[in-house]
Amino acid sequence: MYDLGFLESGFLNAPIQKLSGTNPDFLSLELSIKREDLISSEVSGNKFRKLKYNLAKAKEEQHKTLLTYGGAFSNHIAATAKAGQLCGFKTIGVIRGEELGVDLEKTLRQNATLRFADKCNMQLYFVSRSHYKEKNKKSFREILKNKFQDFYEIPEGGTNELAVKGCAEILDEKTGAYDYIACPVGTGGTIAGIIEGSLPHQKILGFPALKGDFLEAEINKYTSKTNWQLITDYHFGGYAKVNQELVSFINLFKKKQSIPLDPIYTGKMLYGLYEMIRNGFFSKNTRILAVHTGGLQGIAGINDRLKKQGSKLIDYDG
Ligand SMILES: Cc1ncc(COP(=O)(O)O)c(C=O)c1O
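Residues numbered from 1 in each chain as written. Predicted model: local features only at pLDDT ≥ 70, side-chain atom pairs only at ≥ 80, totals over all residues. Heavy atoms only, no water.

Peer 1: What should I look at first to understand the domain arrangement of the protein chain in this one?
Peer 2: When the parts come together, some accessible area is lost, and that loss is often what is quoted as the size of the interface. Each assigned domain of the protein chain is listed here: domain 1 (5-41 + 168-308) and domain 2 (46-158). If you average the C-alpha positions of domain 1 and of domain 2, the two centres end up 26 Å apart. Listed per partner, the contact involves 19 residues of domain 1 and 18 residues of domain 2. Among the residues of domain 1 in contact with domain 2, Leu 7, Glu 169 and Gln 297 are the three that bury the most area, contributing 39% of the side total. For the pair domain 1 and domain 2, the number of links is two salt bridges. The partner of Glu 169 in a salt bridge is Lys 52, and the shortest N-O contact between them spans 2.9 Å. The tally of links between domain 1 and domain 2 comes to eight residue pairs in polar contact (both at pLDDT 80 or more). Put simply, the parts of the chain that give the side of domain 1 that touches domain 2 at least two residues each are α1 (5-9) and α14 (299-308). The leading source of residues in the side of domain 1 that touches domain 2 is α14, at three residues. (Domains from an automatic or database assignment. Contact = heavy atoms within 4.5 Å. Buried area = accessible area lost by both parts, 1.4 Å probe. Salt bridge = Lys/Arg side-chain N within 4 Å of Asp/Glu carboxyl O. Polar contact = N/O pair within 3.5 Å; in protein donor to acceptor, adjacent residues only side chain to side chain. Helix = DSSP H or I, 4+ residues; strand = E, 2+ residues; numbered from the N terminus.)

Take a look at the structure:
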């Protein structure tokens, strides 16, 4: 029934790519990207890393079903649906927004993430925003247990101890040569893993995709190392907020480097890194490795929004 082959070999496809360019700001240092997005177009980047040991544990404990949480545009929901399907688990997605369940066909027509999850046979369970906030309470768990009986629970965003263990594997013998490792931050699990996997001479820079002072404490829950820093100037107003400058940057980056970026996480990180390089944040001969954590499936949802506003769209052919 279970087949975890995908989780055991997917990481082989995450090469390091050196960025090219003749911009004088960039000539004195190296900026490379670890293409975790290439692990799989559907369970890409940090999602693969976060799910790997969780699915292994679910199998070990003989659960047949995975249950997790997310919003209507959640990369984590899409990835769990696909990973579950590939590895032989049933999946349940507890989705924020009761209104989305009223006319499911319409929702699926309009929302690429949920349509994808549904196609992977994920059972979608829509709950009100107020209920969703209670998801960590015992009473809410009881409701879920009564409704779905046995399941292996993965938290919203996929972050837990096992996810951090998986993300530590983003760094390996090839990444030891870099002075700085940069990654986007949502819930903090990915950076915590990268910090855990880092060497003493390396500094980890996290680029939060949202506003919030809670992140440092979240990260400290999973690591006691101190070789890291959050760069909080590049959230562009908050989670999933984008402006035309960011869209132009993402489109130009794709044209010049042939690497697609997503507007919620990796686009903001690279925009920030470029600005920091221009501003002289890094000294000469520094080697920087930015981790492409995937998230490209989120482009469709943002483009729908941009289209409605009559704004320029993100170029993406995936
Ligand atoms: C593509 C992508 N990159 C980065 C992150 C941030 O990861 P974390 O929530 O572990 O901080 C997420 C969110 O989970 C994501 O979907």
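Peer 1: I would appreciate a short explanation of the pairing of strand β4 (residues 90-96) in the present structure.
Peer 2: In regular strands, side chains alternate between the two faces of the sheet. Counting buried positions along β4 gives five out of seven residues, so the element sits mostly inside the fold. Note: strand β3 (residues 65-70) against β4, six bridges, orientation parallel. Paired with Thr 68 across the two strands is Gly 93, which belongs to β4. This β-α-β element, β3 to helix α4 (residues 75-87) to β4, shows right-handed connectivity. Relative to strand β5 (residues 123-127), β4 is paired through five bridges, and the arrangement is parallel. Considered in β5, the bridge of Ile 95 is made with Phe 126. (Buried < 20%, exposed > 50% of the residue type's maximum accessible area, 1.4 Å probe, protein only. Pairing = 2+ DSSP bridges. Right-handed = clockwise from strand over helix to strand, strands pointing away.)

Peer 1: What exactly am I supposed to notice about the pattern of salt bridges here?
Peer 2: Opposite charge on two side chains allows them to pair when their charged atoms are near. If you walk through the whole model with that rule in mind, you get 14 salt bridges. Residue Lys 137 is joined to Glu 134 by a salt bridge in which the shortest nitrogen-to-oxygen separation is 3.2 Å. For Glu 134, a relative accessible area of 30% corresponds to the partly exposed category. Note that Lys 221 and Glu 218 form a salt bridge whose closest N and O atoms lie 2.8 Å from each other. Placement of the pair is Lys 221 and Glu 218 together in helix α11 (residues 215-222), with a separation of three residues, close to one helical turn. Lys 221 sits in the exposed class, given a relative accessible area of 55%.

Peer 1: Help me understand the nonpolar core, please; the structure alone is not making it clear to me.
Peer 2: Burial of nonpolar side chains together is a common tendency in soluble globular proteins. In terms of nonpolar packing, the biggest core is built from 39 residues, with Leu 31, Phe 207, Phe 253, Leu 270, Leu 273 and Phe 282 touching the most fellow members. Within the residue set of this core, elements represented by two or more residues are β2 (30-35), β7 (180-185), β8 (203-208), α12 (244-257), α13 (266-278), β10 (287-292) and α14. Counting residues per element, this core draws most heavily on α13, at seven residues. Aside from chain neighbours lying at most four places away, what touches Phe 207 is Ala 182, Cys 183, Pro 184, Val 185, Ile 231, Tyr 234, Met 269, Gly 272, Leu 273 and Met 276. Among the nonpolar cores identified, the runner-up in size contains 21 residues, and Leu 171, Ile 195, Ile 204 and Val 291 belong to it. (Core = buried A, V, L, I, M, F, W, Y, C linked by side-chain atoms within 4.5 Å.)

Peer 1: Looking at this structure, how should I read the environment of Gly 193?
Peer 2: Tracing the backbone through its elements, the reader meets Gly 193 in helix α10 (residues 189-197). On the basis of relative accessible area, Gly 193 is assigned to the buried category, the value being 0%. Sequence-distant contacts of Gly 193, that is, excluding residues within four places in its chain, are made with Val 164, Cys 167 and Ala 168.

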